[in-house]
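If you want the building blocks of each chain, they are given just below.
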Amino acid sequence: MDILSLFVIVPVLTVIALVFSKGLKQARIISMIGSFIQLGMAINLLFAYFRERAINKSVMLFTQDTVWFKNFNVHYAIGVDGISTALLLLTSIVVLAGVFISWKTDDLPKEFFVSLLVLATGVYGFFISIDLFTMFVFYEIAVIPMYLLIGIWGSGPKEYSAMKLTLMLMGASAVLLVGVLGIYFNSNADGGVLTFNILEISKVHIPFEAQKLFFPLTFIGFAVLGALFPFHTWSPDGHASAPTAVSMLHAGVLMKLGGYGVFRIAMFLLPLGAIEWSWFFIILSATGVIYGAFGALKQTDLKYINAYSSVSHLGMVLFALLMLNKTAWNGAILQSLSHGFMTALFFALIGMIYGRTHTRDITKLGGLLKVMPFISVIYVIAGLASLGLPGFSGFIAEMNIFVGAFQHEEMFYRVATIISVSAIVVTAVYILRVLGIMLMGEVKNEEFLDLPKVTWFEVTGIMLLLIPMIGMGVAPLWLSNMTMDSVGPFIQGVLNHL
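Predicted, not measured: the structure shown is a model, and the values here were computed from it.

A. Here's a closer look at the overall build of the chain. When you go through the chain residue by residue, the secondary structure sums to 22 helices and two strands. Over its C-alpha trace the chain gives a radius of gyration of 22 Å, about what one expects of a compact globule, namely 23 Å for 498 residues. Principal-axis analysis of the C-alpha atoms places the extent of the chain at approximately 75 × 60 × 45 Å. Burial status across the chain gives 62% buried among its 498 residues. When contacts within the chain are restricted to residue pairs at least 6 apart in sequence, those whose partners lie at least 24 apart make up 80%. When the accessible surface of the chain is split by element, carbon and sulfur atoms take 69% of a total near 18000 Å². Counting 26 positive and 26 negative side-chain charges, the chain places the centres of these two groups 6 Å from one another.

Right, here's the structure in full:
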């Protein structure tokens, strides 16, 4: 059994075991064991990657290739580099943390954990795929369970939010499929056979006219999931209505598929199209960075604040990828990882606060530092990471993005960079505003004086996210070097086509 296929097989086996489980206790024990195994596999893969990379300089490691549908040359082709290895580790941590945070879910618990792990299966499969068609299939597997998870276990206008999210993401998938098929039908431009294999397509000089046509379709198809402005509106509503663990996976993992797809497919396979269209999408992404920050500033609901913050932070990922240089691309990957840990931690804490106070409105909260010291302190740490304080994961990511972006000498790129950098100031304002209103001062509601204490499973879920977030900021070089080494061949491949 190859080491990568286990990332699909183990979640599927966990789902099968869940189907035959009875009651909440069995469902959560099976989910926890399955998620622990997935985390162990991700850690094992990390060390195996370092060992293999020392002796193997191939672009992708641990590759496997099995014919899936011969008529269209569709293969189950898988492989990883440092980027996908890091994202697999992020996914396994967020999934396990989500299971612990959902420990007390008593409404259809078996069905809830099945849907959660089906989503995780799609994400794992997407990150290991190097065949466009296989990647698209796993992409759909990851997106579809969101409708059920929000529509059944959500709160507020959950049917509206679930339908809006599904329609927008399915619409983006249709656009993406056209882009993928456009790449496929131009993959024999040099006289070879049609193929969906990313590494093989990267060696082909796809005609400029085809790139100019299919790049925006591929970019938008993926970037909608990455909250590209103005197609971001599904995200805040989806976050606000989703249950806690679903918000964690949605923002912490699922939205990373957008940036990863843009990097791995749109930018790498269609570099001439990227150059042609970069100015337009830079305007949209920079607008999203600023808009998301100001949107968060205007909100009073904790989930909406974090949702708009995610629009801003993920806008930086798309912005960096469009800069087409090594430093900015590395920053985009680090930002994806940093935001994954940080936003999952935020949503976990928001769920814990809401579960005790039954409100997410910061104007109705106050003095929580006195009654929830553990949750409050962790919220402060997450806030400092979000505003990019040195020593936390956000700082190293944003420094790479803005240094890489400013390397362009053209005035357009530098003005766009300055505009995006200004979002840091707005981020600091809304983070400190929330901390001041919610945590400081006198306790506004006497009922808050006797709130339940933090449980062991909540502490476990929080620490799973907090430790890597701080570790990434304190000791970033091992991770930065791993992703930078993987970015190198891709940026070189782009330059070879220019």
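B. The arrangement of the pattern of salt bridges in detail. The final tally for this structure, using the stated rule, is five salt bridges. Close ionic contact of Glu209 with Lys212 constitutes a salt bridge, the shortest N to O distance being 3.7 Å. Placement of both Glu209 and Lys212 in helix α9 (residues 208–223) is noted, with a separation of three residues, approximately one turn of the helix. The closest approach of N and O atoms between Asp301 and Arg360, which form a salt bridge, is 3.0 Å. Of this pair, Asp301 sits in the loop between α13 (271–298) and α14 (302–321) while Arg360 sits in the loop between α15 (326–357) and α16 (368–371), placing them 59 residues apart in sequence.

C. Broad picture of the confidence of the model for the chain. Considering every residue of the chain, the mean pLDDT works out to 87; 98% of them sit at 70 or more. The secondary-structure element of the chain with the lowest mean pLDDT is helix α22 (residues 477–496), recorded at 76, while helix α1 (residues 6–19) shows the highest, at 92.

D. View of α13. Look at α13: 38 Å from first C-alpha to last across 28 residues, which is about the 40 Å you get at 1.5 Å a residue. Trp277 marks the point of greatest bend in α13, at about 60°.

Rules of the game
Residues numbered from 1 in each chain as written. Predicted model: local features only at pLDDT ≥ 70, side-chain atom pairs only at ≥ 80, totals over all residues. Heavy atoms only, no water. Helix = DSSP H or I, 4+ residues; strand = E, 2+ residues; numbered from the N terminus. Rg over C-alpha atoms; globule rule 2.2 N^0.38 Å. Buried < 20%, exposed > 50% of the residue type's maximum accessible area, 1.4 Å probe, protein only. Contact = heavy atoms within 4.5 Å. Areas by Shrake-Rupley, 256 points an atom, 1.4 Å probe, with all protein chains shown as cover. Lys, Arg positive; Asp, Glu negative; His and termini not counted. Charge placed at Lys NZ, Arg CZ, Asp CG, Glu CD. Salt bridge = Lys/Arg side-chain N within 4 Å of Asp/Glu carboxyl O. pLDDT = per-residue confidence, 0-100. Expected span 1.5 Å × (residues − 1). Bend = angle between axes of the 7 residues up to and from the residue.

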